[in-house]
Amino acid sequence: MSSTPTTTTPSPNPTSPTDGISWVLTPLLELPGVLHAVIATGDGLVEAASAGLGRASAERVAAMTATVHAAARAFTTAFTDAEQPRLAQTVVESELGFAVVVPAGENTSLAVFTTPEAQLGNVAYQMQVQVAALGRALASPARRQDAPARS
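Residues numbered from 1 in each chain as written. Predicted model: local features only at pLDDT ≥ 70, side-chain atom pairs only at ≥ 80, totals over all residues. Heavy atoms only, no water.

**Considerations on the nonpolar core**
Link 1 in the chain: Formed by 21 residues in total, the largest nonpolar core has its most connected members in I39, L110, V112 and M127.
Link 2 in the chain: Secondary-structure elements contributing two or more residues to this core are α1 (25–29), β1 (34–41), β4 (97–103), β5 (108–114) and α3 (120–138).
Link 3 in the chain: In terms of residues, this core owes the most to one element, α3, which gives five residues.
Link 4 in the chain: Apart from residues lying up to four places away in sequence, V112 is in contact with L28, V34, H36, A37, F98, A99, V100, V123 and M127.
Link 5 in the chain: Membership of the second largest hydrophobic core comes to seven residues, among which are V38, V46, A49 and A58. (Core = buried A, V, L, I, M, F, W, Y, C linked by side-chain atoms within 4.5 Å. Buried < 20%, exposed > 50% of the residue type's maximum accessible area, 1.4 Å probe, protein only. Helix = DSSP H or I, 4+ residues; strand = E, 2+ residues; numbered from the N terminus. Contact = heavy atoms within 4.5 Å.)

Structural data, given as structure tokens:
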């Protein structure tokens, strides 16, 4: 089963918590050196992807994001014996650029790919800003108690 990635067109007022979450990617894609971005579920499905990334590539990135994140947790556990360590970020560096993955809430990750010249500090900071914004957007507001019935 595959998920159809959405584009990065901002959605000012989503109709449900997951409609239009691709707005999270827009500020990231505006940073110098950021080429692509994906929001992926923990089981490797695409929640949103940058418009320049084809569907097949977005699906591969989502699957690999889940795999890289799980491997990073296992790697940390091997060094520390900590059960279920919480990751701040996972960075993969290659001659083509950097892949950065950060947790983006329950069972969700945000991944970007940058050029080698990108300012990783700025990218990592903006990723955290966008994760916080996504968390606020997906949070359910507290229920109000009904007013007492009048007779």
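**A short note on the sheet that holds strand β2 (residues 46–49)**
Link 1 in the chain: Pairing is antiparallel across the open sheet formed by five strands, whose spatial order is β2-β1-β5-β4-β3. Both edges of this open sheet fall to β2 and β3 (90–94), since each of them pairs with a single strand only. On average, each strand axis in the sheet is tilted by 15° relative to the strand beside it, whichever way the strands run.
Link 2 in the chain: Relative to β4, β3 runs antiparallel, the two sharing five bridges. Bridging from a neighbouring strand, S94 pairs with G97 of β4.
Link 3 in the chain: Its contacts with the sheet place helix α2 (residues 55–80) against β1, β2, β3, β4 and β5, and it is angled at close to 70° to β1. (Pairing = 2+ DSSP bridges. Axes fitted to C-alpha atoms, helices over the stretch in contact; angles between N-to-C directions.)

**Topic: the pattern of salt bridges**
Two side chains carrying opposite charge are able to pair once their charged atoms lie near each other.
Link 1 in the chain: Considering all chains together, one arrives at one salt bridge under this definition.
Link 2 in the chain: Taking the shortest distance from any N to any O, the salt bridge between E59 and R55 comes out at 3.1 Å. Highlighted residues: E59 and R55, both in helix α2, separated by four residues, approximately one helical turn. (Salt bridge = Lys/Arg side-chain N within 4 Å of Asp/Glu carboxyl O.)

**Topic: the pairing of β4**
Link 1 in the chain: With five of its seven residues buried, β4 lies for the most part within the structure.
Link 2 in the chain: Counting the residues in the hairpin turn of β3 and β4 gives two residues.
Link 3 in the chain: Direction of pairing for β4 relative to β5: antiparallel, over a ladder of six bridges. Bridge pairing in β5 places V102 opposite L110.
Link 4 in the chain: Two successive antiparallel strands, β4 and β5, enclose a turn made up of four residues, where G105 displays a positive phi of approximately 110°.

**Here's the deal with the pairing of β1**
Link 1 in the chain: The element β1 is extensively covered by neighbouring structure, given that six of its eight residues are classed as buried.
Link 2 in the chain: As paired strands, β1 and β5 are joined by seven bridges and run antiparallel to one another. Note on β5: the bridge partner recorded for V34 is T114.
Link 3 in the chain: Here three bridges tie β1 to β2, and the two strands are oriented antiparallel to one another. Each residue of the ladder has a partner; that of V38, found in β2, is A49.
Link 4 in the chain: Once β1 ends, the chain turns through four residues before running back antiparallel as β2, passing G44 with a positive phi of about 90°.

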